[in-house]
Amino acid sequence: MLRYSLKRLLGAIPTLLVLLTLAFFMMRLAPGGPFDGEKSLPPEIQANLDRKYHLDEPLWRQYGRYLWDLLHGDFGPSFQYRDYSVNELIASGFPVSLRLGSISILLALLVGLALGTLAALRQNRPADHRIMALAMTGISIPNFVLAPLLILLFAVHLGWLPAGGWEGGRGRNLVLPVVTLALPQIAYIARLMRGSMIEVLRGDAIRTARAKGLPERTVILRHALKPALLPVVSFLGPATAAVITGSVVVEQIFGIPGLGRHFVQGALNRDYTLVMGVVLFYGALVVLLNFIVDLLYAALDPRVRYR
Amino acid sequence: MSRPLPLILLLLYLFPAGAAVAEEALHRGNGAEVQTLDPHRAEGVPASNILRDLYEGLVIEAPNGRLIPGTADRWKIDESGTRYRFHIRESARWSNGDAVTADDFVYSLRRSVDPATGSQYAQILAPILNAEAIIAGRLPPRELGVKALDDRTLEIDLKAPTPYFLGLLTHSTTYPVYRPNVERYGERFSRPGKLVSNGAYRLAEWVVQSHVKLVRNEHYWNDAATRIDTVYYHPIEDSSTELKRYRAGEIDITEAIPLQQFRWIRHHLGDQLRVAPYLGTYYYGFNLTRPPFKDNLKLRRALSLAVNRDILVEKITAMGEKPLYSWVPDGIPGYRPAEPDYAHWPQSKRLQEARRLYAEAGYSRSRPLTVELRYNTSENHKKVAIAIAAMWKQALGVKVRLVNEEWKVFLQNRKQKRLTQLFRAGWIGDYNDPYTFLEILHSRHGLNDEGYRNPRYDALLDRAAREADADKRFALLREAEALALADQPVIPLFGYVSKHLVNPRVGGWVDNVLDHHYSKDLYFRKQGRP
């Protein structure tokens, strides 16, 4: 188990290195630099800025420098937000994105599992059809459409919730972005759960349990739920990735100061270091989450063993 | 299963019990997030908005834009027009209570032009003696023509009489910075807890991409007149998002208006809409270094003539913009912009002339001009480009290919002058003087993406820079403007308007051409209708 974990984590290093290299050079390939404004700078000042941020060096040296700083845990200074370092921006943005993302995943799991189970138990009856129709809608509406609709209804017309802003993560400010992020995931999880639950309920184990005369409640909760969860657990990896990428859009729309917003603005401003930092951070996060999901998998399914 | 503690901890983390205290604060939408609150390194409208509240220069603006004494309560200009002597107010204080002195200004102005600071706007200070040589690294910053005669008296020497110099002193590059903290914290002096400023407000919080919170500076010399205690600036790039937040009551003043919703806004929120002339020119530039526009005045003039600016502002932009034929927009006191002869022709005559010139340039309906029009990606610019392409097609048969590019890509292409043929551009005046527009077409200017180069034009601008008499100076500038219009390196299209939604509870808002609105001049109206 320990060996497996170590192997997995070591295996992530080349992945991240490739990611880093690609991101570094793609970012530099994009036309325009961090200090390009409408008015060109006097050459002396441009030269000064370039020297200060080492942009006057050949690309391979900049790359080497970046790697070296990274080894020391330094993502470098932000080119755009001159008063901050990338480490500070990530440190301030990540907790925000984390809270937003984890609540969304939690909500998606709770509601998705409940709906999916319910649909499975009422298979091919009106309740099932209604839930699945709802799920299809949830999957097909993109978040950049859903978010403005929710804002118009709940913030502008009804005035119940704020239209944007974070304010330190107050509950009121969380509701709309969380719902926007969670809805498609609820839909996916409900569909997955329904399918897998139906399959499990048809299995021998459940037939045995019912034959022993166990109450239906116990059959579902004790015997059917755990095996039915497996496909959902393996979906958690991609779901988390989806929530992270989704939060790029959602944070932009709701004006939430998370990592996603730094990412978008960083790319537009050619803030090389900030974009690199966020990309790497996201990359490491996805690798880590997939690893955790695999461990969870082993815990849930006695047939899976890692060596 | 009975291990509720981790779960409770998780829930506590996810849903902290934060009691939000309602405070009466002004919430201003502010476009993009600011790069820095260091006044010497900042650039752009969003940063300027905040810096105007935080800092105070020697001179400030009244709500209507008129120049009034700021940190300097009086000043004298000698007969040559090149030596300014400012008296710093006795009551001028930093937000920590220290006195603001003439030395603070000497230190700050030197820092602003010091190449090591890396100011992107240091060029504003070029009229000060030796400033240009210092920016170029040829002289040390201490050679700047600025000295403190005593604690309260600041003397500034200019290289030439610059009638608009006082106006420049409202710009953030001239603001004083608090030396002890700059020296102690370096580039990080402009962060909350470290920033000491001398304006009506001081910095309380700054959460990048969330908000900047300012609170009243009790040490400000005119603090008694400040009526709003707390001001929030929210970075919101997308104007539709901003509009939604305005309608939800979260923003009191918007920075922009979404064009596609303008009709709706005028109909439903008409009384809260503030549209006013803005000192800015929206124009198309020709790349004069390559065919087809190189050495082809007739073609350039034909294209300019064929644009129906009245239709453009009435049907397309439709927010009250003014059709523009001159290079300098209206609104500068005492200056009457030069206009080309066709400014007052009927459109039919313009079209006739356009067709004649187009034919003389060697084009016809069977051999039409094919041209690329570049603009930075935006719904508004696209609408304008489509309309103008249609006008050219209808009038002359010109085939226009529209190319939109992301902002930084667009800027690079414009500057390189290789790919561009025709491109969109706009310029908002930095100060209230025609020179802020005319200098753009100077052959050495950083925004001359047309590659316009006329020695006579440059000479006229240089002569104007040395002219002490205001009327003669304006006459020279006007002559230069007429010359540029005749050379047609650009097609001026319309003058910008500033557009804001202002919540009725906010009083004290006065429209002005530079669109500068100090929070200290605003106030909340009493609850209940007056």
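A cluster of nonpolar residues, A:Leu9, A:Leu288, A:Ile292 and A:Leu296, forms a patch on the protein surface that exposes about 320 Å² of accessible area. If you trace the backbone, A:Leu296 turns up in helix 11 (residues 272–300).

Moving on: the interface of chain B and chain A. Across the boundary between the two partners, chain B contributes 56 residues, which contact 56 residues of chain A. Here chain B packs against chain A, burying approximately 4,700 Å² in sum over the two surfaces, 52% of which is carbon and sulfur. It is B:Gln35, B:Gln209 and B:Lys408 in chain B that bury the most area against chain A; as a group they hold 15% of the surface buried on that side. For the pair chain B and chain A, the interface holds six salt bridges. Between A:Arg270 and B:Glu406 there is a salt bridge, and its shortest N-O distance comes to 2.6 Å.

Residues and elements named next belong to chain B. In spatial order, the strands read 12-16-11-15-13-14; together these six strands make up an open sheet with mixed pairing. Two strands in the sheet have a free side with no partner beyond their single neighbour: strand 12 (322–323) and strand 14 (399–405). Here two bridges tie strand 12 to strand 16 (residues 490–501), and the two strands are oriented antiparallel to one another. Opposite Lys322, over in strand 16, you have Gly495 as the bridge partner.

Residues and elements named next belong to chain B. Under the domain assignment, chain B is made up of domain 1 (31–191) and domain 2 (280–497). Between domain 1 and domain 2, the residue contacts involve nine residues of the former and ten residues of the latter. Interface area for domain 1 against domain 2, summed over the two sides, is near 770 Å², with a carbon-plus-sulfur share of 65%. Interface area lost by domain 1 to domain 2 is led by Pro161, Pro163 and Tyr164, which between them contribute 58%. For the pair domain 1 and domain 2, the interface holds zero salt bridges. Scanning the region where domain 1 abuts domain 2 turns up one residue pair in polar contact (both at pLDDT 80 or more). Looking at side-chain class alone, the side of domain 1 that touches domain 2 contains seven nonpolar, two polar and no charged residues.

Let's shift gears to the side chain of B:Glu439. Summarising the element assignment, B:Glu439 is placed in the loop between helix 14 (435–438) and helix 15 (455–466). In this view, B:Glu439 contacts A:Lys39, B:Tyr431, B:His445 and B:Leu461; residues no more than four positions away in its chain are not counted.

Looking now at unusual backbone geometry. Residue and element names in this part refer to chain B. Residues Pro291 and Pro292 are joined by a peptide bond in cis, for which omega reads 5 degrees. Structurally, the position occupied by Pro292 is in the loop between strand 11 (273–286) and helix 9 (297–305). One non-glycine residue, Asp295, adopts positive backbone phi at about 50 degrees. Among the structural elements, Asp295 can be located in the loop between strand 11 and helix 9.

Residues and elements named next belong to chain A. At a minimum axis separation of 8 Å, helix 7 (residues 171–202) and helix 9 (residues 216–254) run at an interaxial angle of 155 degrees. Between helix 7 and helix 9, the angle falls in the class roughly antiparallel. Seen along the crossing, helix 7 lies across helix 9 with a hand that is right-handed. For the contact of helix 7 with helix 9, a count of residues per class yields 24 nonpolar, five polar and no charged.

All names here are of chain B. A surface patch of positive charge is lined by Arg263, Arg266, Lys315 and Lys383. Considering the arrangement of structural elements, one finds Arg266 in helix 8 (residues 262–268). Since its relative accessible area comes to 44%, Arg266 is described here as partly exposed.

The next subject is the pairing of strand 16 of chain B. Looking along a regular strand, one sees side chains alternate from face to face of the sheet. Residue and element names in this part refer to chain B. Within strand 16, twelve of the twelve residues are buried, which leaves it mostly tucked inside the rest of the structure. Pairing between strand 11 and strand 16: ten bridges, direction antiparallel. If you follow Tyr283 over to strand 16, its bridge partner there is Pro492.

Residues spaced three or four apart along an α-helix point in a common direction, a consequence of the helix completing one turn every 3.6 residues. All names here are of chain A. Between its first and last C-alpha atoms helix 3 (residues 59–71) spans 18 Å; for 13 residues at 1.5 Å apiece the expected length is 18 Å, and the two agree. Taken together, the buried positions of helix 3 are occupied by Gln62, Tyr63 and Tyr66. Along the axis of helix 3, the buried positions cluster into a sector of 100 degrees, meaning they face one direction only. Those residues of helix 3 that are exposed and aimed more than 90 degrees away from the buried face are Trp60, Trp68 and Leu71. Structurally, helix 3 contributes buried residues whose contacts are with helix 1 (2–29) and helix 11. Directly after helix 3, the chain includes Gly73, whose backbone phi takes a positive value near 75 degrees.

What follows concerns the environment of B:Trp327. Residue and element names in this part refer to chain B. Along the chain, the position of Trp327 falls in the loop between strand 12 and helix 11 (347–360). When its relative accessible area of 1% is taken as the criterion, Trp327 is described as buried. Discounting residues that sit within four places of it in the chain, Trp327 has contacts with Thr281, Tyr283, Phe437, Leu438, Ile440, Leu441, Glu481, Leu485, Val490 and Pro492. At a separation of 2.9 Å, a polar atom in the side chain of Trp327 contacts the main-chain carbonyl oxygen of Phe437.

Scoring rules and cut-offs
- Residues numbered from 1 in each chain as written.
- Chains lettered and ligands numbered in written order.
- Predicted model: local features only at pLDDT ≥ 70, side-chain atom pairs only at ≥ 80, totals over all residues.
- Heavy atoms only, no water.
- Patch = residues over 30% accessible without salt bridge, like charges linked within 9 Å, V, L, I, M, F, W, Y side chains within 5 Å.
- Areas by Shrake-Rupley, 256 points an atom, 1.4 Å probe, with all protein chains shown as cover.
- Salt bridge = Lys/Arg side-chain N within 4 Å of Asp/Glu carboxyl O.
- Helix = DSSP H or I, 4+ residues; strand = E, 2+ residues; numbered from the N terminus.
- Contact = heavy atoms within 4.5 Å.
- Buried area = accessible area lost by both parts, 1.4 Å probe.
- Pairing = 2+ DSSP bridges.
- Domains from an automatic or database assignment.
- Polar contact = N/O pair within 3.5 Å; in protein donor to acceptor, adjacent residues only side chain to side chain.
- Nonpolar A, V, L, I, M, F, W, Y, C, P; charged D, E, K, R; others polar.
- Axes fitted to C-alpha atoms, helices over the stretch in contact; angles between N-to-C directions.
- Parallel < 35°, antiparallel > 145°, perpendicular 65-115°, else oblique.
- Left-handed = near helix turned anticlockwise from the far one by under 90°.
- Lys, Arg positive; Asp, Glu negative; His and termini not counted.
- Charge placed at Lys NZ, Arg CZ, Asp CG, Glu CD.
- Buried < 20%, exposed > 50% of the residue type's maximum accessible area, 1.4 Å probe, protein only.
- Expected span 1.5 Å × (residues − 1).
- Arc of directions from axis to C-beta.

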